[in-house]
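A structural walkthrough
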Amino acid sequence: MALRDVSAGPKVRKILLPLGACFTPHSVVPSRRPQKKSPAKSSRPSPVPRSPTENLSHRQESDSYSPAHTRKTRRLLLKLSGETLGDSSSHLSHPIIQRLAHQIKGILSPSLQLGIVIGGGNIWRGAPAADEGQMDRNTADYMGMLATVINSLALQDALEHAGVETRVLTAIEMKNVAEPFIRRRALRHLEKGRVVIFAAGTGHPFFSTDTTAALRASEIGADALLKATKVDGIYDSDPRTNPRAQRFQTITYGDALRRRLQIMDSTAFSLCMDNKIPIVVFDVFREGNLRAAAEGRPVGTRVIAGE
């Protein structure tokens with residue numbers, strides 16, 4: 001406290017004033033907060049986000065897939081069989097995986113969002129082991145799910161070495177290996193332009209990776225399911241045993257069911273049919289086929305809904 005003498009008439013009074021009272025209002029300088037600088041805008045074009053349900057109304061109008069659609073963003077689900085990652089000498093062939101990674105990189109663009117499901121047949125097939133009575137079906141299928149994780153990590157590594165940002169999401173939680181599958185997280189990765197690989201099947205036994213592909217395609221609202229195999233389409237009979245086998249360019253779900261064509265298992269086929277997801281079956285090893293399938297150009301066999 002400060003002591004100050006103030007004259008008031010003939011007498012002198014002593015008044016105790018606080019220290020702050022010795023300063024006039026004009027001596028107080030208002031504080032100025034530094035203004036935040038707005039972040040610099042990146043010149044890199046960002047992928048166009050899309051609502052998860054944006055394509056549902058479109059499917060009611062047309063069952064065919066074509067790049068001529070008016071939407072700005074296409075979303076595709078690529079199904080790779082496990083056998084496409086290996087050859088006769090190795091379950092996992094690095095040259096083949098690297099070639100696949102460069103093919104996938106070649107089709108990517110800001111207007112394309114890509115999800116991938118990979119089988120595990122090059123490493124382990126659970127159904128044959130269970131059918132032969134060698135193993136419980138549940139255990140055999142879980143081993144197959146782990147095989148798909150191995151393949152997914154191998155493809156992720158090859159894609160990232162090629163400069164493609166990739167995320168692996170597993171239906172069985174493996175937090176030290178990959179992210180858990182959460183639908184909204186998967187959609188967010190896709191909207192950011194990342195390739196998303198769905199691993200570990202559905203997380204449940206008795207479901208194939210074809211069913212996983214159909215399920216994930218339905219969940220992310222894919223415009224088409226691209227089934228990449230070693231054959232160039234769907235035939236009326238096995239072309240390996242029948243040299244006169246005829247390949248279909250387009251076939252409806254109904255015709256495929258009536259002819260009992262083995263496109264994929266019945267559960268997977270029903271999911272695609274119910275959700276009106278076109279299926280394109282093509283030979284991924286033929287140069288240019290993957291790009292043609294992604295762009296909606298005629299390649300392999302396309303399965304669509306009928307009239």
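Each remark here, short or long, concerns the structure printed above.
Residues numbered from 1 in each chain as written. Predicted model: local features only at pLDDT ≥ 70, side-chain atom pairs only at ≥ 80, totals over all residues. Heavy atoms only, no water.

Digging into unusual backbone geometry
- Of note, Arg260 is a non-glycine position whose phi angle comes to about 55°, a positive value.
- Relative to the assigned elements, Arg260 resides in the loop between α7 (253-258) and α8 (266-274).
- The class of Arg260 is exposed, set by a relative accessible area of 69%.
- Non-glycine residue Lys276 carries a positive phi angle of around 55°.
- Its place among the elements puts Lys276 in the loop between α8 and β12 (279-283). (Helix = DSSP H or I, 4+ residues; strand = E, 2+ residues; numbered from the N terminus. Buried < 20%, exposed > 50% of the residue type's maximum accessible area, 1.4 Å probe, protein only.)

Description of the sheet that holds strand β6 (residues 179-180)
- A sheet is described by the order of its strands in space; here nine strands give the open sequence β6-β5-β7-β4-β3-β8-β12-β13-β11, paired in mixed fashion. Each edge of the open sheet is held by one strand with a lone partner, namely β6 and β11 (250-252).
- With two bridges joining them, strand β5 (residues 166-170) and β6 adopt parallel strand pairing. Looking across to β6, one finds that Leu169 is bridged to Glu179. (Pairing = 2+ DSSP bridges.)

Concerning the pairing of strand β3 (residues 74-80)
- Taken across its seven residues, β3 has seven buried, putting it largely inside the fold.
- Both faces of β3 are covered, namely the face carrying Arg74, Leu76, Leu78 and Leu80 and the face carrying Arg75, Leu77 and Lys79.
- Summarising the sheet, β3 and strand β4 (residues 112-118) pair through seven bridges and their orientation is parallel. Note that in β4 the partner of Arg74 across the bridge is Leu112.
- The handedness of the β3 to β4 crossover, carried by helix α2 (residues 94-107), is right-handed.
- Two elements, β3 and strand β8 (residues 224-229), share five bridges in a ladder whose sense is parallel. Bridge pairing in β8 links Leu77 to Leu225. (Right-handed = clockwise from strand over helix to strand, strands pointing away.)

So, the pattern of salt bridges
- Inspection of the entire model under this criterion finds 14 salt bridges.
- For the salt bridge of Asp238 with Arg240, the shortest nitrogen-to-oxygen distance reads 3.3 Å.
- When its relative accessible area of 30% is taken as the criterion, Asp238 is described as partly exposed.
- Among the salt bridges present, the one from Glu295 reaches Arg291, with a minimum N-O distance of 3.5 Å. With Glu295 and Arg291 both in helix α9 (residues 289-295) and four residues apart, the pair spans about one turn of that helix.
- By relative accessible area, Glu295 is classed as partly exposed at 27%.
- Shared partners join several salt bridges into a network, and the residues in it are Glu165, Arg167, Glu179, Arg185 and Arg194. (Salt bridge = Lys/Arg side-chain N within 4 Å of Asp/Glu carboxyl O.)

Here's the deal with the packing of helix α6 (residues 209-220) against α8
- Relative orientation of the contacting elements α6 and α8 amounts to 20°, with a least axis distance of 7 Å. On the basis of their axis angle, the class for α6 and α8 is roughly parallel. Crossing hand, α6 versus α8: left-handed. From α6, Asp210, Thr211, Ala214, Leu215 and Ser218 reach across to α8, where they touch Thr267, Ala268, Leu271 and Cys272.
- In terms of residue class, the contact of α6 with α8 is built from five nonpolar, three polar and one charged. (Axes fitted to C-alpha atoms, helices over the stretch in contact; angles between N-to-C directions. Parallel < 35°, antiparallel > 145°, perpendicular 65-115°, else oblique. Left-handed = near helix turned anticlockwise from the far one by under 90°. Contact = heavy atoms within 4.5 Å. Nonpolar A, V, L, I, M, F, W, Y, C, P; charged D, E, K, R; others polar.)

Some remarks on the packing of aromatic side chains
- For the coordinates displayed, the defined rule picks out two aromatic pairs.
- Centre to centre, the rings of Tyr253 and Phe269 are 5.4 Å apart; their planes meet at 70°, and the pair counts as edge-to-face. With Tyr253 in helix α7 and Phe269 in helix α8, this residue pair connects regions lying 16 residues apart in the sequence. As far as burial versus exposure is concerned, Tyr253 and Phe269 are alike and both buried. (Phe/Tyr/Trp six-rings, centres within 6.5 Å; stacked < 30°, edge-to-face > 60°.)

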